[in-house]
Amino acid sequence: MSKKSLRVAVCGATGAVGREMLKVLEERDFPATEVVPFASSRSAGSTVPFKDAELTVRELKEDSFQGFDLALFSAGGGTSLKFAPLAAKAGCVVVDNSSAWRMDPEVPLVVPEVNPEHLERHKGIIANPNCSTIQMVVTLKPIHDEAKIKRIVVSTYQAVSGTGHKAIMELETQVRRLFNGQDVIPDVYPHQIAFNCLPQIDVFLDNGYTKEEMKMVNETIKIMGDDSIRVTATTVRVPVFYGHSEAVNIETEEKLTAEDCRLLLAKAPGVTVVDYPEKKAYPMAVHAAGEDDVFVGRIREDESIDKGLNLWIVADNIRKGAALNAVQIAEELLRRDLVRVP
Ligand code: A2P
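Not measured: the values here are computed from a predicted model.

> Talk me through the sheet that holds strand E2 (residues 34-39); I want residue IDs and the actual numbers.
Taken in spatial order, the 6 strands of this open sheet run E5-E2-E1-E6-E7-E8, and their pairing is parallel. Both edges of this open sheet fall to strand E5 (58-59) and strand E8 (125-127), since each of them pairs with a single strand only. Sheet analysis places strand E6 (residues 70-73) next to strand E7 (residues 93-96), joined by 4 bridges and oriented parallel. Bridging from a neighbouring strand, Phe73 pairs with Asp96 of E7.

> Mind laying out the pattern of salt bridges, listing which residues take part and the relevant values?
With the rule as written, the count across this model stands at 21 salt bridges. In this structure, Lys255 engages Glu301 in a salt bridge whose closest nitrogen and oxygen atoms are separated by 3.5 Å. Here Lys255, found in the loop between strand E11 (244-252) and helix H6 (258-266), pairs with Glu301, found in strand E13 (residues 294-301); they are 46 residues apart in sequence, far enough to count as distant. Residue classification places Lys255 among the partly exposed residues on the basis of a relative accessible area of 44%. Where Asp275 meets Arg262, a salt bridge forms, and the shortest distance between an N and an O atom there is 2.7 Å. Of this pair, Asp275 sits in the loop between strand E12 (271-273) and helix H7 (285-288) while Arg262 is found in helix H6, placing the two residues 13 residues apart along the sequence.

> Which residues make up the site of the ligand, and what values do they have?
In the vicinity of the ligand, 15 residues are found, and the nearest of them are Thr14, Ala16, Ser40, Arg42 and Ser43. Contact distances for the ligand include 3.0 Å between an oxygen atom and a backbone N or O atom of Gly15. Here the ligand has 570 Å² of accessible area as a free molecule, and 70% of this is covered by the chains. Considered class by class, the residues forming the shell around the ligand number 5 nonpolar, 9 polar and 1 charged.

> How would you summarise the environment of Arg42 if you had to cite specific residues and measurements?
Structurally, Arg42 is set in the loop between E2 and strand E3 (47-50). Residues Arg42 and Gln158 lie 116 residues apart in sequence; the distance between their C-alpha atoms is 29 Å.

> Would you mind going over the packing of aromatic side chains in detail, with residue names and values included?
Inspection of the entire model under this criterion finds 4 aromatic pairs. Between Phe179 and Phe195 the ring centres are 6.0 Å apart and the planes differ by 85 degrees, which places this aromatic pair in the edge-to-face class. In this pair, Phe179 sits in helix H4 (residues 165-179) while Phe195 sits in the loop between H4 and helix H5 (211-224), placing the two residues 16 residues apart along the sequence. Pair check on accessibility: Phe179 and Phe195 agree, each one exposed. Directly above the ring of Phe68 sits Arg7, whose terminal nitrogen or CZ lies 4.2 Å from the centroid.

> Could you give an account of unusual backbone geometry, naming the residues involved and the relevant values?
One non-glycine residue, Phe195, lies in the positive phi region at around 55 degrees. With phi around 55 degrees, Asp337 is a residue other than glycine that occupies positive phi space. Note on placement: Asp337 falls in the segment after helix H8 (319-335). Relative accessible area serves as the criterion here: at 33%, Asp337 is assigned to the partly exposed category.

Parameters and conventions
Residues numbered from 1 in each chain as written. Predicted model: local features only at pLDDT ≥ 70, side-chain atom pairs only at ≥ 80, totals over all residues. Heavy atoms only, no water. Pairing = 2+ DSSP bridges. Helix = DSSP H or I, 4+ residues; strand = E, 2+ residues; numbered from the N terminus. Salt bridge = Lys/Arg side-chain N within 4 Å of Asp/Glu carboxyl O. Buried < 20%, exposed > 50% of the residue type's maximum accessible area, 1.4 Å probe, protein only. Near = heavy atom within 4 Å. Polar contact = N/O pair within 3.5 Å; in protein donor to acceptor, adjacent residues only side chain to side chain. Areas by Shrake-Rupley, 256 points an atom, 1.4 Å probe, with all protein chains shown as cover. Nonpolar A, V, L, I, M, F, W, Y, C, P; charged D, E, K, R; others polar. Phe/Tyr/Trp six-rings, centres within 6.5 Å; stacked < 30°, edge-to-face > 60°. Lys NZ or Arg CZ within 6 Å of the ring centre and 35° of its normal.

Below is the structure:
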């Protein structure tokens, strides 16, 4: 890196992902000379922990980015739409966790284990993919390289933390109220989330799929850089606090045995294979929470077709699914000397 100083803005620093971004920057000893937390006027003046200090949160404003080199955004799509271009204009490279810019052809959508080379063509904004997509492509990329994936059928079991801090509180409150014989009042979600599964994440689209389902379809193709892959998804919110789980079925061009798949994934960056059915050992959300890797198990050949596999993929949606992936993108930008707006 050619720069002496590196000033980093964390936008949405009081939220579930923003707080984790600060934690990941600290844990990985990210070489920032200064880190400044931003949020809305509601929390300006409050503090967030970073290293041994409490940092004072500033209100995000149009002129906030002067003198910053890098901004990590996780403050919702509307905030990103408005502020990310202003940041880029001020010379500050944005890594954006919202869905606002992901499908913009000018914006690279990056998972560092999968397509780091896409960073080379950034114009100031880089998008962090959807949490469910990230853990799936980290696992499937090595399989695609080896056996060429023709089709993906995925069902997700997604934790409430993916919706943000208010949703974490909603699940907690509903569980407590139900144990006390009280009614629950859904607010963040359209229905009761405690002891329930909701086959709706985000809004419904004209084709009958939800926006989350179509994010998985479109983002997978963009990240893998291969529009011949057919993808179909069913996304479900479940009463889990941290960790998304996914049942994934793939059909491949070349035959890959379950054992070959295990050996391949054992070498894959960012992946840990946990697949010992005889010991009842497989990935679970409660084990993945707080971890960096994507965990994969239950690897089986699909006996209904010639060349297919079933996998069970679990990761911490706030870490690899959001904050960690964003910081890894920032690290890769530094490695490639790309922390500058062309
Ligand atoms: P605030 O705490 O001031 O509302 P979560 O996804 O956990 O709900 O967090 C959302 C994050 O985005 C919070 O840090 C929130 O700040 C921030 N945020 C929401 N709206 C804005 C806005 N208009 N400008 C800046 N930050 C925002």
